[in-house]
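# Topology and contacts: notes
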Amino acid sequence: PHMRLEEAFAAPPLSILPRLAAGEIGPDMEKIIQISEMMRINLPRMLEQHRLIVTALKELMRAATEENHPVYVQFCQKLMHHAQQEEEILYPAAIVVGEFVKLKLGRG
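Everything numeric here is computed off the predicted structure, so don't read it as measured data.

Both trends apply: most residues other than glycine have a negative phi, and most peptide bonds are in trans. Positive phi outside glycine occurs at Asn 68, with the angle close to 60°. Structurally, Asn 68 can be placed in the loop between α3 (30-66) and α4 (70-104).

Another point: the nonpolar core. Judged by nonpolar contacts, Leu 5, Phe 9, Ala 10, Leu 14, Met 39, Met 46, Tyr 91, Ala 94 and Ile 95 together constitute the single largest core of nine residues. Contributions of two or more residues to this core are made by α1 (2-15), α3 and α4. The greatest single-element share of this core, amounting to four residues, is contributed by α1. In this structure Leu 14 touches Leu 90, Ala 93 and Ala 94, once residues within four positions along its chain are discounted.

With that settled, consider the packing of α3 against α4. The interhelical angle for the contact between α3 and α4, taken along N-to-C directions, is 170°, at an axis separation of 9 Å. By the angle between their directions, the pair α3 and α4 is classed as roughly antiparallel. Here the contact of α3 with α4 is built from residues that sort into 23 nonpolar, five polar and six charged.

On the surface, Leu 60, Phe 75 and Leu 79 cluster together to form a nonpolar patch covering roughly 250 Å² of accessible area. By the element assignment, Phe 75 lies in helix α4. Phe 75 sits in the partly exposed class, given a relative accessible area of 45%.

One way to put it is that α1 packs onto α4 with a least axis distance of 7 Å and a crossing angle of 55°. Classified by the angle between their axes, α1 and α4 sit oblique to one another. The hand of the α1/α4 crossing is left-handed. Residues His 2, Glu 6, Phe 9, Ala 10, Pro 13 and Leu 14 of α1 form the contact with α4, whose own contacting residues are Glu 86, Leu 90, Tyr 91, Ala 93, Ala 94 and Val 97. Here the residues of the contact of α1 with α4 sort into nine nonpolar, one polar and two charged.

Procedures and definitions
- Residues numbered from 1 in each chain as written.
- Predicted model: local features only at pLDDT ≥ 70, side-chain atom pairs only at ≥ 80, totals over all residues.
- Heavy atoms only, no water.
- Helix = DSSP H or I, 4+ residues; strand = E, 2+ residues; numbered from the N terminus.
- Core = buried A, V, L, I, M, F, W, Y, C linked by side-chain atoms within 4.5 Å.
- Buried < 20%, exposed > 50% of the residue type's maximum accessible area, 1.4 Å probe, protein only.
- Contact = heavy atoms within 4.5 Å.
- Axes fitted to C-alpha atoms, helices over the stretch in contact; angles between N-to-C directions.
- Parallel < 35°, antiparallel > 145°, perpendicular 65-115°, else oblique.
- Nonpolar A, V, L, I, M, F, W, Y, C, P; charged D, E, K, R; others polar.
- Patch = residues over 30% accessible without salt bridge, like charges linked within 9 Å, V, L, I, M, F, W, Y side chains within 5 Å.
- Areas by Shrake-Rupley, 256 points an atom, 1.4 Å probe, with all protein chains shown as cover.
- Salt bridge = Lys/Arg side-chain N within 4 Å of Asp/Glu carboxyl O.
- Left-handed = near helix turned anticlockwise from the far one by under 90°.

Here you go:
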């Protein structure tokens, strides 16, 4: 369920970043405004899901450490780092993209 939310609300706004960086803006981007707003609405839910995922990863990491499975420890560390990057960079960027498009299209 968490990944479906990311695919539905975070990925579409982020996918137009190359076009925005190139200075492109067009009416086809209008749908991003609504998707980005849904990202904003679902953000607390997504952050709570991350909290649960990270809690489970910490438990897995503890067990992997006790059982001497460094590959699993590294996996947990990488996935926790990924979640942190989503929270600090990707999710906010998806929201900002919608706001940017809204301003550029004169909708805000």
